Amino acid sequence: MINRTIAGKELLWFNNTLVAVQISSVDGEDGVCVIEHRLPCGDSPPLHVHRNEDEIFHIIEGRMRFRIDDRERIVGTGETVIAPKGLPHTFKVESPEGAHTLTITRGSDFETMVRMASRPAERPDLPPPAEPTPEMIETLTRICAENGIEIVGPPMG
């Protein structure tokens, strides 16, 4: 699943994932952003809180475990989850073949953070896996804070 190309004008490597900005927050009047993700098995962002925008996840393929506030749930292909602004949340990709998702937000915070923390993809595939260094964690924490996102805990184990 994760080796297929994803459609998009701009492909980025965001940490260990491949992303394509399908609709930018500047494309419409309401500031809606749609980002397509390919994520490897085990991928988990740090526990974080969006101060200004809800984050909606639509699972195209795969299985993921979400923690939103103090609740956990497993979701799979075709399901949609919302992480309301102000609530700490994270997820972990559970399916061995990885996951393919859409992340939808209203506003530019998440999109700007992704763009600032990413690098151009060298090919339409996942980047080589890399464990985050202390410097990478510090940089991501700063970029998130600059964009209304606060890291409040570690990734899911």
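Everything below is about the structure printed above this text.
The structure contained in this document is the topic of the report that follows. Note that residues are indexed from 1 along each chain, following the sequence as it is written. Local features in a predicted model are, by the rule used here, given only for residues with pLDDT of at least 70; side-chain atom pairs are given and counted only at 80 or more, and totals for whole chains, interfaces and linings are based on all residues. Water and hydrogen atoms were dropped before computing side-chain values, which therefore reflect all heavy atoms in the structure.

**Some words on unusual backbone geometry**
Next, step 1: One non-glycine residue with positive phi stands out, namely N15, at about 55°.
Next, step 2: For N15, a relative accessible area of 33% puts it in the partly exposed group.
Next, step 3: Positive phi values are uncommon outside glycine, yet D69 reaches one of about 60°.
Next, step 4: Relative to the helices and strands, D69 is located in the loop between β6 (63–68) and β7 (71–76). Burial classification: accessible surface area is computed with a 1.4 Å probe over protein chains only, and a residue below 20% of its type maximum counts as buried, one above 50% as exposed, and the rest as partly exposed. Only DSSP runs of H or I reaching four residues or more are called helices, and only runs of E reaching two or more are called strands; each is numbered from the N terminus.

**Looking at the pairing of β6**
Next, step 1: In the sheet, β6 pairs with β7 via 6 bridges, with the strands oriented antiparallel. What sits directly across from I68, in β7, is R71.
Next, step 2: Once β6 ends, the chain turns through 2 residues before running back antiparallel as β7, passing D69 with a positive phi of about 60°.
Next, step 3: What makes two strands pair is DSSP finding at least two bridges between them. Sheet analysis places β6 next to strand β9 (residues 89–93), joined by 5 bridges and oriented antiparallel. Residue pairing for β9: R67 is matched across the bridge by T90.

**Description of the nonpolar core**
Next, step 1: For the purposes of this section, nonpolar cores are sets of buried Ala, Val, Leu, Ile, Met, Phe, Trp, Tyr and Cys residues that join through side-chain atoms within 4.5 Å. Judged by nonpolar contacts, the single largest core of 13 residues is most densely connected at F14, V19, I35, F110, M113 and V114.
Next, step 2: For this core, the elements supplying multiple residues, two or more each, are β1 (11–14), β2 (17–23), β3 (32–39), α1 (109–117) and α2 (134–146).
Next, step 3: In this structure, V114 is in contact with F14, V19 and I35, ignoring residues within four places of it in sequence.
Next, step 4: Core analysis: the second largest hydrophobic core is formed by 12 residues, M64, I68, V81 and F91 among them. Contact definition: two residues touch when any of their heavy atoms are within 4.5 Å.

**Thoughts on the packing of aromatic side chains**
Next, step 1: Think of it this way: a Phe, Tyr or Trp ring, Trp meaning its six-membered ring, pairs with another when their centres are within 6.5 Å, and the plane angle makes it stacked under 30 degrees, edge-to-face over 60, tilted otherwise. For the coordinates displayed, the defined rule picks out 3 aromatic pairs.
Next, step 2: Taken together, a centroid distance of 5.7 Å and an interplanar angle of 70° make the contact between F57 and F91 edge-to-face. Of this pair, F57 sits in strand β5 (residues 55–61) while F91 sits in strand β9, placing them 34 residues apart in sequence. Accessibility assignment for this pair places F57 and F91 in one class, buried.
Next, step 3: An aromatic cluster is defined as three or more aromatic residues linked by ring pairs; in this entry it consists of F57, F66 and F91.

**Here we look at the environment of L47**
Next, step 1: Examined against the element boundaries, L47 turns out to sit in the loop between β3 and β4 (48–50).
Next, step 2: Residue L47 is classed as buried on the basis of its relative accessible area, which comes to 17%.
Next, step 3: Separated by 40 residues in the primary sequence, L47 and L87 have C-alpha atoms spaced 9.9 Å apart.
Next, step 4: When residues no more than four places from it in sequence are discounted, the contact partners of L47 are P88, H89, T90, E150, I151, V152, G153, P154 and P155.

**Regarding the side chain of D109**
Next, step 1: Inspection of the secondary structure puts D109 in helix α1.
Next, step 2: Buried charge without a partner: D109 forms no salt bridge, and the closest opposite charge is K85, 9.2 Å away.
Next, step 3: Beyond its immediate sequence surroundings of up to four residues, D109 is in contact with N52, E53, N147, G148 and I149. In this tally, Asp and Glu contribute negative charge and Lys and Arg positive charge; neither His nor the terminal groups of the chain are included. The salt bridge definition used is simple: a Lys or Arg side-chain nitrogen within 4 Å of an Asp or Glu carboxyl oxygen.

Scope: geometric values only; no functional claims are made or implied.
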